[in-house]
Amino acid sequence: MGSFIDTILAKAASDKQTIVLPEGDDERTLKAAEAILADDIADLVILGDADAITASSYNLEGATVIDPRTAAEREEFAHALFELRKAKGMSEEQALDLMDNVLYFGNMMVKLGRADGMVCGACHSTSDVLRASLQILKTAPGVRLVSAFFIMIVPDCEYGDDGVFLFADSGLEIQPDSERLANIAVSSAGSWKTLIGTEPVVAMLSHSTYGSASANADRDKVIEATEIAQELAPGIRIDGELQLDAAIVPSVGASKAPESPVAGKANVLIFPDLDAGNIGYKLVQRLAKAEAYGPITQGLAAPVNDLSRGCSAEDIVGVIGITCVQSQAKKAQS
Ligand SMILES: CC(C)(COP(=O)(O)OP(=O)(O)OC[C@H]1O[C@@H](n2cnc3c(N)ncnc32)[C@H](O)[C@@H]1OP(=O)(O)O)[C@@H](O)C(=O)NCCC(=O)NCCS
Ligand SMILES: CC(=O)OP(=O)(O)O
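Residue numbers run consecutively from 1 along every chain, following the written order of its sequence. All chains are assigned letters beginning with A, and all ligands numbers beginning with 1, in the order in which they are written. Only residues with pLDDT of at least 70 are given local features in this predicted model, and only at 80 or more are side-chain atom pairs given and counted; all residues enter the totals for whole chains, interfaces and linings. To obtain the side-chain values, all non-hydrogen atoms of the structure were included, while hydrogens and water were left out.

- If you check an unreviewed UniProt entry, the chain appears there as Phosphate acetyltransferase from Raoultibacter massiliensis.
- UniProt positions are given in the numbering used here, feature names are shortened, and annotations may be inferred rather than shown by experiment. The record in UniProt for the chain states the following under Catalytic activity (unreviewed entry): "acetyl-CoA + phosphate = acetyl phosphate + CoA".

In structure tokens, the structure reads:
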């Protein structure tokens, strides 16, 4: 793994957080858990069939293993879930039934402070993972929109921060309007600062650079989103609309958008919709052999992060480290 993830894991280990891994029946999750425990990076709670987990070939000594179907906390968590969701029509019985679902049980652990964060999605779809978190944890104070990004580490790449990029939204918001797109850009700049620590340089991506394409709704959405984002965060370098080459390649940026403070230097790439963002990250991951960590959420009241069902155990280790660093940052702010 590259130096980005080494730095993240060292930071995670410096102030250990407690992370729930609800997919205890997934082989990659157990392999990742073994690596996290061996390097003393986080305290782990693993959910699932306790007999099967403890009988697995992985050394999970030190982890707390809970089977939600028989856990002592079921009634307490179900009642708390009912209180949270009764206005939305949930009954006590439905809340208790949901405690069989590891995603709901895990989110309740985070909600009630039994864990600092959660990582899952190796064998659950993104919509199932995120819906449960959006319903239970909700947005952080002052935040209107939750969105999701990937940290991409592209090998042998001189663009971005030596090949490090943030791609958003690659996981959650399907068709953001200009206001939502602006919010995604501003949140992504904040996430870049939290995880990478250097200055975010944010490009609002389009098929057009500075009006090169004739007016159309897609282009105009990105132009409007850029204006809103610049107003929301005047201290952050955000510019658009920019094509991908103008955003990251200095010579192309200089020729297509010479006055832009972002063109040719972008490290945070904001895609116009989820089709572009999700396809874009998978292209770079698979064709450029980039490491891809995410979807990492931003704007949730507590860090719950998703995975692609195509993830490796190493990806899970990285996302656990990122979740710990997000939790440390959240505690530092409060
Ligand atoms: C995440 C997702 C499931 C949420 O939307 P949904 O299915 O429409 O769920 P709901 O409308 O029931 O929303 C659930 C709750 O989340 C809230 N919510 C939904 N999107 C939100 C957002 N971006 N920010 C904050 N809250 C949000 C809703 O307001 C709702 O709250 P409430 O139940 O307390 O009123 C949906 O956006 C989705 O499927 N996204 C794409 C995921 C995906 O497939 N990605 C590709 C692979 S990574
Ligand atoms: C992030 C993502 O695309 O997830 P999945 O591959 O599981 O759909």
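Here the narrative resumes.
**Regarding the overall build of the chain**
(1) Moving on: Counting from the N terminus, the helices are the DSSP runs of H or I reaching at least four residues and the strands are the DSSP runs of E reaching at least two. Helix and strand counts for the chain stand at 13 helices and 11 strands.
(2) Moving on: The C-alpha atoms of the chain give a radius of gyration of 20 Å, which matches the 20 Å a tight globule of 334 residues would have.
(3) Moving on: Reported as C-alpha extents along the three principal axes, the dimensions of the chain are approximately 65 × 45 × 35 Å.
(4) Moving on: Note on exposure labels: buried denotes an accessible area under 20% of the residue type's maximum, exposed denotes more than 50%, and partly exposed covers the range between, all computed with a 1.4 Å probe on protein chains only. Going through the 334 residues of the chain one by one, you find that 54% of them count as buried.
(5) Moving on: Any pair of residues with heavy atoms lying within 4.5 Å of one another is described as a contacting pair. In the chain, the proportion of contacts linking residues at least 24 apart, taken out of those at least 6 apart, comes to 69%.
(6) Moving on: Residue burial considers only the protein chains on display, and all accessible areas are found by Shrake-Rupley using a 1.4 Å probe. Taken as a whole, the chain presents about 14,300 Å² of accessible surface, with 50% of it coming from carbon and sulfur.
(7) Moving on: Within the chain, one finds 27 positive and 48 negative side-chain charges whose respective centroids are separated by 4 Å. Throughout, radius of gyration means the C-alpha value; the globule benchmark is 2.2 Å times the number of residues raised to the power 0.38. Under the convention used here, Asp and Glu are negative, Lys and Arg are positive, and both His and the chain ends fall outside the count. One atom stands in for each charge, and that atom is NZ of Lys, CZ of Arg, CG of Asp or CD of Glu.

**Some thoughts on the environment of Cys 123**
(1) Moving on: Within the secondary structure layout, Cys 123 lies in the loop between β4 (117–119) and α7 (126–136).
(2) Moving on: Overall, Cys 123 belongs to the partly exposed group, its relative accessible area being 39%.
(3) Moving on: Along the primary structure Cys 123 and Thr 29 are separated by 94 residues, whereas in three dimensions their C-alpha atoms are 9.7 Å apart.
(4) Moving on: Aside from chain neighbours lying at most four places away, what touches Cys 123 is Glu 23, Asp 25, Asp 26 and Arg 309.

**As for the pattern of salt bridges**
(1) Moving on: For this analysis, a salt bridge means a side-chain nitrogen from Lys or Arg found within 4 Å of a carboxyl oxygen belonging to Asp or Glu. Applying the stated criterion across every chain yields a total of 14 salt bridges.
(2) Moving on: Between Arg 237 and Glu 199 there is a salt bridge; the shortest N-O distance is 3.0 Å. One end of the pair, Arg 237, is in strand β8 (residues 237–242); the other, Glu 199, is in the loop between α8 (178–195) and β7 (201–205), with 38 residues separating them in the sequence.
(3) Moving on: Judged by its relative accessible area of 42%, Glu 199 falls in the partly exposed class.

**Some points on a nonpolar patch on the surface**
(1) Moving on: On the surface, Ile 279, Leu 283 and Leu 287 cluster together into a nonpolar patch covering about 330 Å² of accessible area.
(2) Moving on: Relative to the helices and strands, Ile 279 is located in helix α12 (residues 274–287).
(3) Moving on: Residue classification places Ile 279 among the exposed residues on the basis of a relative accessible area of 52%. Surface patches are defined over residues having more than 30% relative accessible area and no salt bridge, joining like charges when they lie within 9 Å and nonpolar side chains (Val, Leu, Ile, Met, Phe, Trp, Tyr) when within 5 Å.

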